[in-house]
Structure formats: structure tokens, C-alpha cells
Amino acid sequence: KRPGNPVMTAIKDSPALPRVLLIGDSISIGYTLGVRELLKDKANVHRPLTNCGPTTRGLEQIEQWLGKKPWDVIHFNWGLHDLKYISQGTMKLVDVNAPGSQQQVPIEQYEANLRKLVATLKQTNATLIWRSTTPVPKGAKGRVPGDSAKYNAIAAGIMKENDIETDDMYAYTEPRLKELQLPANVHFTKAGSQ
């Protein structure tokens, strides 16, 4: 029997420690274990036991992910799924030039959705930290290089209006794509996730 992904296993809180929630897509799944290790004996680091996908999934599931217990810090991101191109009928990732392809969440809708999600997150009274969306490298299937920067610009305005700090992983990774990300792929190498 294949063991499950330890990232997708609920953790048991140590009652003396603060509670941290990581909300994000597969990029955050990649760094969750590293963050838990770095914050061992300093914080209980949780994440939803799923890929949080686009803002539309966030709006559907945010209350469930927040649960009933209070959070001290929520580190969150949406973007790579919003800006990807999908086939309208199947909702599957497709080539950006395929007939009928469209972005999963167009940028205007992304802004509206992100505003609603931030309003919900602010109600938790947790310290909020936005993680900028990581770059789309040349050749990555179903996405356009440069779209992350456009979606990040929208998010940056929302975060500034709401006095939310930004963990700028875009600025950190963009000049180091060859060493941190897989070739022609939005995903990180193991070292990149660390």
C-alpha cells in the first residue's frame, strides 16, 4: 500500500503554540513540509487537505478551510490556477491557442473574487500574509509568461488597501527560475520548494 502524502494529513495541535494556516495550490503543497520543519516547536502549521486551486474554489470552500478554531497567521495565495487556460467544456488545462480556450478566472473576476476572500480572511483577526503568485516560465503548458505579473499587480493593490504584508515569492524566484523551477513548468524542484 502506497503511503499518503504527509502534507495531506491533518496535524495535531500543540496547545501552547500559535496556529498558522497555509492556503495555496501545488506550489504551497511543495513547501508545506519545509515550513513545518522550520517552525517546529514554534507553530502548528496547517493547510487545507487539498489543492486550493483558483479563487472560485476559494470562495466555495474558504469557510470550511478556516474551520472553527482561531488562527494566529494565515499565509495565502491564489493565481496560477486563475490565470491558466482551460477548455470551456471540460475545464481541463489546454493550449492557450486551442479553439475555445479561456482563462479559468479572467483578471477582472480574479480581482472581485480576491477582494471577497480578503474580506473573509480579515474577519478571522489573524495576521494575514499574501504570497505573490510565482512566475510562469516560457513553455509552461496552458499558461502565458507574464500573466503572473499582471495578476500580482491586481493583488498588490488589494493587499496595500488592506495593509496586508506580501511574501514576494515572485520577485525572489523570477531571477532564479533555472535553479528553482522545473523547465517549462510552473512547479518547483525539491530544492526550489525548500
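This write-up is about the structure you can find in this document. Residue numbering note: each chain is counted from 1, following its sequence as written. Two thresholds apply to this predicted model, a pLDDT of at least 70 for residue-level local features and 80 or more for giving and counting side-chain atom pairs, whereas whole-chain, interface and lining totals are computed over all residues. Only hydrogens and water are removed before side-chain values are computed, so all heavy atoms of the structure are retained for them.

To qualify as a helix, a DSSP run of H or I must reach at least 4 residues; to qualify as a strand, a run of E must reach at least 2; elements of each kind are numbered from the N terminus. Counting its regular elements, the chain contains seven helices and seven strands. In the chain, the succession of helices and strands from N to C terminus is β-α-β-α-β-β-β-α-β-α-β-α-α-α. The C-alpha radius of gyration computed for the chain amounts to 17 Å, which stays within 12% of the reference 16 Å derived for 194 residues, consistent with globular compactness. By its C-alpha atoms, the chain is 55 × 40 × 35 Å across when sized along the principal axes. Here the term buried applies to any residue with accessible area under 20% of the maximum for its type, exposed to any over 50%, and partly exposed to those in between, with areas from a 1.4 Å probe on protein chains only. Of all 194 residues assigned to the chain, the portion counted as buried reaches 43%. Pairs at least 24 apart in sequence give 72% of the contacts found in the chain among residues at least 6 apart. The Shrake-Rupley method, run with a 1.4 Å probe sphere, supplies the accessible areas, and residue values consider only the shown protein chains as cover. Surface accessibility of the chain: about 10600 Å² in total, with carbon and sulfur atoms responsible for 54%. Radius of gyration here is computed from C-alpha atoms only, and the compact-globule reference equals 2.2 Å multiplied by the residue count raised to the power 0.38. In this analysis, two residues are considered to be in contact whenever any of their non-hydrogen atoms come within 4.5 Å of each other.

For this analysis, a nonpolar core means a set of buried residues of the types Ala, Val, Leu, Ile, Met, Phe, Trp, Tyr and Cys, connected via side-chain atoms within 4.5 Å. Counting 38 residues, the largest nonpolar core has I23, I74, F76, W78, L121 and W130 as its most contacted members. At the level of secondary structure, the elements contributing two or more residues to this core comprise β1 (19–23), α1 (26–38), α2 (55–66), β3 (73–76), α3 (107–122), β6 (127–131) and α4 (147–161). The biggest single contributor to this core is α3, with five residues. Residue contacts for I74: discarding those within four places in its chain leaves L21, I23, L66, L121, T124, A126, T127, L128 and I129.

Moving on to the pattern of salt bridges. We define a salt bridge as a contact between a side-chain nitrogen of Lys or Arg and a carboxyl oxygen of Asp or Glu at a distance within 4 Å. One pass over the full model with this rule turns up five salt bridges. Across the pair R115 and E111 runs a salt bridge, and its minimum N-O distance is 3.2 Å. With R115 and E111 both in helix α3 and four residues apart, this pair spans about one turn of that helix. For R115, a relative accessible area of 32% gives the class partly exposed.

A word on the sheet that holds strand β7 (residues 165–167). One requirement defines pairing of two strands: DSSP has to find at least two bridges between them. An order of β2-β1-β3-β6-β7 is seen for the five strands of this open sheet, with the pairing classed as parallel. At either margin of the open sheet sits one strand with a lone partner, and together these are β2 (44–46) and β7. On average, each strand axis in the sheet is inclined to that of its neighbour by 25 degrees, with strand direction left out of account. Bridge count between β6 and β7: three bridges; the pairing is parallel. Bridge pairing in β7 places I129 opposite E165. Working convention: axes come from line fits to C-alpha atoms, limited for helices to the stretch in contact. Angles between N-to-C directions cover 0 to 180 degrees. Running at roughly 155 degrees to β6, α3 makes contact with β1, β3 and β6 of the sheet.

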